[in-house]
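Structural overview for review
As a plain string of letters, each chain reads:
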Amino acid sequence: MLTHIAVPYESDEGFLRLVRPRVEQALHDGRHALVITSPRRLELLGLPVDSAPSGEWYRHPQRALAALHEYASGRRTMVVGEPPVEGEGWIRYESVINAALSEQDCTILCLYAALPEHVLLTHPAELAADGLRPSSRYVHPAELVLAGDRTPLAEPVGEVRATAFTAPELARLRRVVADYARAAGMERGLISSLVLSVSEVAANSVEHGAGHGTITMWTNGREVVCEICDPGGALTDPLPGYLPPEPESQRGYGLWISRQLCDLVQIRGGEVLRIRLHMRLRQSA
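Residues numbered from 1 in each chain as written. Predicted model: local features only at pLDDT ≥ 70, side-chain atom pairs only at ≥ 80, totals over all residues. Heavy atoms only, no water.

1. Some remarks on the packing of aromatic side chains
Which entries qualify depends on this criterion: Each pair of aromatic rings taken from Phe, Tyr and Trp, with Trp reduced to its six-membered ring, is defined by centres within 6.5 Å and is described as stacked if the planes are under 30 degrees apart, edge-to-face if over 60, and tilted in the remaining cases. The secondary structure listing takes helices from DSSP runs of H or I that are at least 4 residues long and strands from runs of E that are at least 2 residues long, numbered from the N terminus. The buried label applies to any residue whose accessible area, calculated with a 1.4 Å probe on protein chains only, is under 20% of its type's maximum; exposed applies above 50%, and partly exposed to all values in between.
Throughout the structure, instances matching the rule amount to 4 aromatic pairs. Residues Tyr58 and Trp90 carry aromatic rings whose centres are separated by 5.6 Å and whose planes lie at 80° to one another, so their mutual orientation is edge-to-face. With Tyr58 in the loop between α3 (54–57) and α4 (61–72) and Trp90 in helix α5 (residues 88–100), this residue pair connects regions lying 32 residues apart in the sequence. This pair shows no difference in class: Tyr58 is buried, exactly as Trp90 is.

Next up, the structure:
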């Protein structure tokens, strides 16, 4: 079962004191060990582990979650990481780990030079000076509410294009989105990712929602935003698109894919379900 621990440390010496003996024990026990940190710290650790630079691993919350799930699935593992402390996407990442990897035999140590308040909400345990102790403030991922979850979505900017769609029009919808993104100046490789994300969400509206919907598109010069509105109403899944579908499942891939491909996915329920997909115009933006 998953063990997810917040580990505050103050120096390189503290890093070695807390991490090295636990990784050594994991390797001795036959676990696969992954350490996500700086090259300097990895050299300081000096152990034969799998590794990834923090700057590459922690580029995108949902992609990092997918990579972590892939590494831990079906084997005994230990993961040591230094996740970002700012941004609701990363707070949600730390929280959702507890649901996404709940059945895996994995120990995760999350290192923090300073322990932000939200860490005790997303980690079931903390490694304190007197040893391991449970967090009395831990909140289950399905119950964690962040400030941005209830903030009204910003109004579209500039010229807005809207079009309705039904099942027979999904192919046309994909062409419309591709043409719009291309005209906005989006890089070619990103266009296909945006089109796939919109197609997955729209197909869900057709198959599991009202059977039809509306897409609204606009750009602010930095990104293209596509909002799919489904009059079928709110989602019932408390963690929509955050948890990987079961390998044998034929459903549940739409939002999981969209969250990985897009820079940001926002969802608001009510009488009309609104799913807003954000995609930068350029990779380097």
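Picking up where we left off.
2. Structural notes on helix α7 (residues 170–184)
Note the threshold: Multiplying 1.5 Å by the residue count of a helix minus one yields the expected span of that helix. Any two residues whose heavy atoms approach within 4.5 Å at even a single point are treated as in contact.
In a regular helix each residue adds 1.5 Å, so 15 residues correspond to 21 Å; α7 covers 21 Å between its end C-alpha atoms and thus fits that length. Taken together, the buried positions of α7 are Leu170, Leu173, Val176, Val177, Ala178, Tyr180 and Ala181. Buried residues in α7 make contact with β8 (161–166), α8 (188–208), β9 (212–219) and β10 (223–230).

3. Regarding the environment of Cys106
Looking at where Cys106 falls in the secondary structure, it is placed in strand β5 (residues 106–112). Sequence separation between Cys106 and Arg75 is 31 residues; the distance between their C-alpha atoms is 8.1 Å. For Cys106, the contacting residues outside a window of four places in its chain are Met1, Leu2, Thr3, Arg31, Ala72, Thr77, Val79 and Leu101.

4. A closer look at the nonpolar core
Put simply, the test is: Residue types Ala, Val, Leu, Ile, Met, Phe, Trp, Tyr and Cys, when buried and joined through side-chain atoms within 4.5 Å, form a set referred to as a nonpolar core.
Val177, Met186, Leu194 and Val198 are the most contacted members of the largest nonpolar core, which has 33 residues in total. When residues of this core are traced back to their parent elements, those giving at least two are α7, α8, β9, β10, β11 (264–268) and β12 (273–280). Looking at this core, the element that brings in the most residues is α8, giving 8 residues. Setting aside residues no more than four positions away along its own chain, Val177 makes contact with Leu194, Val195, Val198, Ile215, Met217 and Cys226.

5. Considerations on the environment of Ile36
Topologically, Ile36 is positioned in strand β2 (residues 32–37). On the basis of relative accessible area, Ile36 is assigned to the buried category, the value being 1%. The contacts of Ile36, once residues within four sequence positions are left out, are Ala52, Pro53, Ser54, Trp57, Tyr58, Val79, Val80, Gly81 and Glu82.

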